[in-house]
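# Summary of structural features
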Amino acid sequence: MSVQMEEWAQHMCDSTYSNKLKQGRKKNALYPPGFTPSDNDDGKNGEAVNQKRTVVNLDALQVQKAWQIALQPLKSIPMNFFMSYMSGTSLQIIPIVAALMLLSGPIKAIFSVKQAFKPVLGNSNTNSTIRGAMLLYIIGQCALMYIGIRKLNQMGLIPNTASDWLAWEQKVDYNQDIKSVVI
């Protein structure tokens, strides 16, 4: 019993075989999503339409990518809030470093906003939309900083009460102007 190979398999490495095949268009052929065959083969009008469609699609993709970048800090807020809650308020190295990282990371990210949005900058058609995404990115980073500041305040590391500043207050002598009854 011999196994017969298909014709395409026999001529798979033959470059002249593919040129000999007639490839006609089938009207009922299934095309992949997003592919539409053009009816004119001259290439002039079809290229202009495809060029315009490509520019519009690139603008939409750049805007979509910008909003994905902008939403990254907002997506990490629940996880950071939960980690901040679970680490407790004791003065140990792990919670302190975690809270300081919640401050330093967003500050670095705010100063490097243009670097984060570098893949989508430079297109004048999408400039205003990308600036809105940049603003949302900065707001998300500020929310992460708020979690870090709140954590440091719960630990008592931010001096915000009068007892934190007693060393710098002037000593008040209440007995200075009181005259003694006993001589």
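Just so we're clear, the structure is a prediction, and the values are computed from it rather than from any experiment.

Looking only at helices and strands, the protein chain has 6 helices and 0 strands in total. What you see in the protein chain, going N to C, is helices and strands ordered as α-α-α-α-α-α. The buried share among the 183 residues of the protein chain stands at 19%. When the accessible surface of the protein chain is split by element, carbon and sulfur atoms take 60% of a total near 15100 Å².

Right, let's get into the UniProt feature "transmembrane region" (unreviewed entry) in the protein chain. The feature "transmembrane region" (unreviewed entry), as given by UniProt, occupies residues 89-110 and 130-149 in the numbering adopted here. Between the C-alpha atoms that bound residues 89-110 there is a distance of 27 Å. The span itself is 82% helix and 0% strand. Each end of residues 130-149 is marked by a C-alpha atom, and these two atoms are 29 Å apart; helix forms 100% of the span and strand 0%.

Here we come to a nonpolar patch on the surface. A contiguous nonpolar patch, built from Ile 93, Ile 94, Val 97 and Met 101 and spanning about 430 Å² of accessible area, is present on the exposed surface. Here Ile 93 shows up in helix α4 (residues 93-111). A relative accessible area of 61% means that Ile 93 is categorised as exposed.

Counted by the stated rule, this structure contains 1 aromatic pair. Residues Phe 117 and Tyr 137 carry aromatic rings whose centres are separated by 5.5 Å and whose planes lie at 85 degrees to one another, so their mutual orientation is edge-to-face. Of this pair, Phe 117 sits in the loop between α5 (113-116) and α6 (127-155) while Tyr 137 is found in helix α6, placing the two residues 20 residues apart along the sequence. Given a relative accessible area of 0%, Phe 117 falls into the buried group. The exposure class assigned to Tyr 137 is buried, which follows from its relative accessible area of 8%.

Conventions we followed
Residues numbered from 1 in each chain as written. Predicted model: local features only at pLDDT ≥ 70, side-chain atom pairs only at ≥ 80, totals over all residues. Heavy atoms only, no water. Helix = DSSP H or I, 4+ residues; strand = E, 2+ residues; numbered from the N terminus. Buried < 20%, exposed > 50% of the residue type's maximum accessible area, 1.4 Å probe, protein only. Areas by Shrake-Rupley, 256 points an atom, 1.4 Å probe, with all protein chains shown as cover. UniProt positions renumbered as here; feature names shortened; annotations may be inferred. Patch = residues over 30% accessible without salt bridge, like charges linked within 9 Å, V, L, I, M, F, W, Y side chains within 5 Å. Salt bridge = Lys/Arg side-chain N within 4 Å of Asp/Glu carboxyl O. Phe/Tyr/Trp six-rings, centres within 6.5 Å; stacked < 30°, edge-to-face > 60°.

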